2 protein chains.
Amino acid sequence: MAIEFIDDSPGITDATGFAAGAIACDIREKGTDRLDLALVCSTAPCTAAGVFTLNDVKAAPVRVCQEILFAGKPLHGFVANSGNANACTGPQGLADAWEMAQRAATATGLPASSFLVCSTGRIGRALPMPRILAGITQASGALGATSAQGRSAAEAILTSDTKPKTCTARFPWQGKTVTVAAMAKGAGMIQPNMATMLAFLCTDAAASTEFLRVTLQTANRTTFNAITVDGDMSTNDTVLLLANGASGVDLAKTPPAARTLFAQAVEKVCAALAEKIVGDGEKISKVVAIKVQGAKDDATAEKVARAIGNSLLVKSSWFGEDPNWGRILDAAGYARVGLVEEKTDLFYDDTPVLLLGAAQNQHLARWKEIVRQPRFRVTLDLRLGAAAYRLLASDVTEGYVNYNKSE
Amino acid sequence: MAIEFIDDSPGITDATGFAAGAIACDIREKGTDRLDLALVCSTAPCTAAGVFTLNDVKAAPVRVCQEILFAGKPLHGFVANSGNANACTGPQGLADAWEMAQRAATATGLPASSFLVCSTGRIGRALPMPRILAGITQASGALGATSAQGRSAAEAILTSDTKPKTCTARFPWQGKTVTVAAMAKGAGMIQPNMATMLAFLCTDAAASTEFLRVTLQTANRTTFNAITVDGDMSTNDTVLLLANGASGVDLAKTPPAARTLFAQAVEKVCAALAEKIVGDGEKISKVVAIKVQGAKDDATAEKVARAIGNSLLVKSSWFGEDPNWGRILDAAGYARVGLVEEKTDLFYDDTPVLLLGAAQNQHLARWKEIVRQPRFRVTLDLRLGAAAYRLLASDVTEGYVNYNKSE
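The following refers to the structure shown. Note that the coordinates shown come from a computational prediction; the quantities given were computed from them, not determined experimentally.

About the cut-offs
- Residues numbered from 1 in each chain as written.
- Chains lettered and ligands numbered in written order.
- Predicted model: local features only at pLDDT ≥ 70, side-chain atom pairs only at ≥ 80, totals over all residues.
- Heavy atoms only, no water.
- Helix = DSSP H or I, 4+ residues; strand = E, 2+ residues; numbered from the N terminus.
- Buried < 20%, exposed > 50% of the residue type's maximum accessible area, 1.4 Å probe, protein only.
- Pairing = 2+ DSSP bridges.
- Contact = heavy atoms within 4.5 Å.
- Axes fitted to C-alpha atoms, helices over the stretch in contact; angles between N-to-C directions.
- Salt bridge = Lys/Arg side-chain N within 4 Å of Asp/Glu carboxyl O.
- Phe/Tyr/Trp six-rings, centres within 6.5 Å; stacked < 30°, edge-to-face > 60°.
- Arc of directions from axis to C-beta.
- Disulfide = S-S within 2.5 Å.

1. Details of unusual backbone geometry
Residue and element names in this part refer to chain A.
- The phi dihedral of Gln 174 is positive, around 45°, even though this residue is not glycine.
- Within the fold, Gln 174 resides in the loop between strand S6 (165–173) and strand S7 (176–185).
- Using a relative accessible area of 67% as the deciding quantity, one classes Gln 174 as exposed.
- Positive phi outside glycine occurs at Arg 383, with the angle close to 55°.
- Assignment of secondary structure puts Arg 383 in the loop between strand S15 (375–381) and strand S16 (387–394).
- For Arg 383, a relative accessible area of 43% translates into the label partly exposed.

The structure is reproduced here in structure tokens:
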């Protein structure tokens, strides 16, 4: 049985029983009609799981989602806005996040505390609540399961992203079809343990909360948690997975093979969205896959990969298409995991750069070709053990700095 | 008794008995007559101490300096070149570094293994040894203790620095004068545990190796180790302190007060050079002093300060003169030291930004004035304990990224 993958799909409305409504309520207070609020709803009750930022400073909606998920009651969807992160907004922010979730429930006529809430955008500014609450009511009137409605929801959650990020994975199971459909936003503050990134996965499988949690956490580790644009972890990072059972497939009652397929579908969707997030990082020009192998243990491998992927000097040289391997080795060295220069191999794609610490300068012309590509691989073999880690990183550009001068 | 401080002094020739010679030997292989090699020599034997990069990848000259200092024999000076770091150059690089030290000894007619050696510049390229060796011989013929010779040495060690960095501190002791004279270079890879930074302190006091080591390490902690430009730690970072006793003051035989004055002089010189290094960071436009206080312990305070000082988003907003405190709080939060948003105070200079987590928006106009200054302070009070840490950081500019695209 194969998993069918649809890139740039309509997104969450691909999953049976999920409706979306997106509207413009001028959260940015700029008088434009840009879509900035999305409501997603399943009349059938859902189980759900979430992973969230590890930042000590958690935005109000993150805290509200964690409380709602902890309560473990059946859910019916979520409301998400862009333009304002509702972070560092104190008790008022918390009250506002609760009120958004509450309004989603009353507007759809569904039970209280059955909607999750996410926000992304500027930190430290109170939400324009009257417009947001009116917007949620309006969005509930615009709910529908068409492709256009799915696409509008994916658009409404964007901030500095240049394009919507959606995909769908499906697989057949005993005459039925299980769908995992998703949308995400990214762009800045993209690093360890996610970023100002929101991702929403909706599936029409039925599944236990515990199974969803394990599946999402497992997928998250090698996808959303293994990307970096700027090394900044946000206050709002959230990935949600909702399962409404509308496909008629209950993963708690199938043979293990169905659960394996489902986990693969979730991983595929997360990997595709994570790659889209890095590829659409603010003003970036390159996506580089950093693989550190031969490490003593996983933590060591990850530490070295992140030191390389977050080095401003390494990232600047990628922007400049300069095969400056000295900066890569320098960054790996200051991760201080016991790298031994004389044991270290380094490759651009499959071309040797260092073998046992010695530069293979005869390949210089080929190195230059490789780093001119929009995507390439850096493989560092420490030759100290068997652990490996893969991190997807972007370069840093003058455009990034200019773009982030002010908001 | 007061310490006299002379900023932008002639540098190391201010200390009695230290001669300098600087020459151009085209280490960059660009056919220019830019000064790129400095020889510093004291005919009277010196005790010495050094602090070095903690990078796993240590350049050949760093390894050679560590071996020579470990041997503990009397020293007579050092040779330093710019344009090539002699890092990641394998066994040949190590042999070359030893040969440079050796040539300095033979050219001056002083004992073998009595010269230290430092290099800074591009990583991963073999030194042009014939020109360097001829250069050392030539420099030994140009040795002298004039101000002009001190200034030439300070110029020869520069890489992307826009200006030489020198200063001198002196204090009287029982009719004699003790001088600590110094020069440094910085500019890129400036972060934790130093950077591609070299600093040389020469004093005409006599002192034990152990006293020099403790004094230098203590000063280093709050000066060279507490600065960041780009968060990248180099393979070559070195600070050396040489003491030749030519002033006639032997710190091993004075009352403690003289040692205290000496330690203060060393600290003053290190602090001044560290500030010059950040202020002359590659294409930077601001120097920001980050003070984290009210932390549970020193390590926690330092971790938060470094998270803020190395955040690409924070640094970009400084460049943009945007008082974006949300990014500062976000960075402090992802340091993950248990920050409690509702307890946290934040100030730009002495103006409140957050008090107990609540934004003091009535001061917005003042915040904007402060962040427009070329230098300002950010104070974050966690209100969790009594520990504090101060880090001197720069912004990041489009110019930095453009400059570092290639070398």
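2. Let's talk about the sheet that holds strand S11 (residues 287–295) of chain B
Residues and elements named next belong to chain B.
- Strand order in the open sheet made by the seven strands is S9-S16-S11-S15-S12-S13-S14, with mixed pairing throughout. Edge positions in the open sheet fall to strand S9 (227–228) and strand S14 (358–359), since each of these has one partner strand only.
- Across two bridges, S9 lies against strand S16 (residues 387–394) in parallel orientation. When the bridges of S16 are listed, Thr 228 appears paired with Ala 393.
- Together, strand S12 (345–348), strand S13 (351–355) and strand S15 (375–381) form the strand contacts of helix H10 (residues 364–372), whose direction differs from that of S13 by roughly 115°.

3. Considerations on the pairing of strand S7 (residues 176–185) of chain B
Residues and elements named next belong to chain B.
- Buried residues dominate S7, accounting for eight of its ten residues.
- Examined bridge by bridge, strand S6 (residues 165–173) and S7 share nine bridges and lie antiparallel to one another. Looking at S7, one finds that Trp 173 is bridged to Lys 176.
- Direction of pairing for S7 relative to strand S8 (residues 198–203): antiparallel, over a ladder of six bridges.

4. A short note on the pattern of salt bridges
- Scanning the entire structure with this criterion turns up 30 salt bridges over all chains.
- One salt bridge in this structure joins A:Glu302 and A:Arg306, with 2.9 Å as the shortest N-O distance. Residue A:Glu302 and its partner A:Arg306 are both found in helix H7 (residues 298–309); the two are separated by four residues, about one turn of the helix.
- With relative accessibility at 11%, the residue A:Arg306 sits in the buried group.
- B:Glu369 is paired through a salt bridge with B:Arg366; the nearest N and O atoms lie 2.8 Å apart. Here B:Glu369 pairs with B:Arg366, and both are found in helix H10, just three residues apart, close to one helical turn.

5. Focus on the sheet that holds strand S9 (residues 227–228) of chain A
All names here are of chain A.
- Ordered in space as S9-S16-S11-S15-S12-S13-S14, the seven strands form an open sheet in which the pairing is mixed. Pairing within the sheet leaves two strands with one partner each, and these edge strands are S9 and strand S14 (358–359).
- Strands S9, strand S11 (287–295), S15 and S16 of the sheet are contacted by helix H8 (residues 312–319), whose axis makes an angle of about 60° with S16.

6. Things to note about the packing of aromatic side chains
Residue and element names in this part refer to chain A.
- Applying the stated criterion across every chain yields a total of ten aromatic pairs over all chains.
- Both rings, one in Phe 211 and one in Phe 262, keep their centres 5.8 Å apart while their planes meet at 40°; by these two values the pair is tilted. Pair noted here: Phe 211 is in helix H5 (residues 209–222) and Phe 262 is in helix H6 (residues 256–279), with a separation of 51 residues, a long-range link. Each of the two residues, Phe 211 as well as Phe 262, counts as buried.
- Through successive ring pairs, a cluster of aromatic residues spans Trp 318, Tyr 348, Trp 367 and Phe 376.

7. A short note on helix H4 (residues 147–156) of chain A
All names here are of chain A.
- Among the residues of H4, those classed as buried are Gly 150, Ala 153, Ala 154 and Ala 156. Taken end-on, H4 shows its buried residues confined to a sector of 165°, consistent with a single buried face.
- Buried residues along H4 sit in contact with strand S2 (18–23), strand S3 (37–52), strand S4 (75–84), S6 and S7.

8. Some thoughts on the state of the cysteines
Residue and element names in this part refer to chain B.
- One pass over the structure, following the stated rule, counts zero disulfides over all chains.
- Note on Cys 202: no disulfide assigned, nearest cysteine sulfur contributed by Cys 46 at a separation of 7.2 Å.
- Taking the relative accessible area as the measure of exposure, Cys 202 reaches 0% and is therefore buried.

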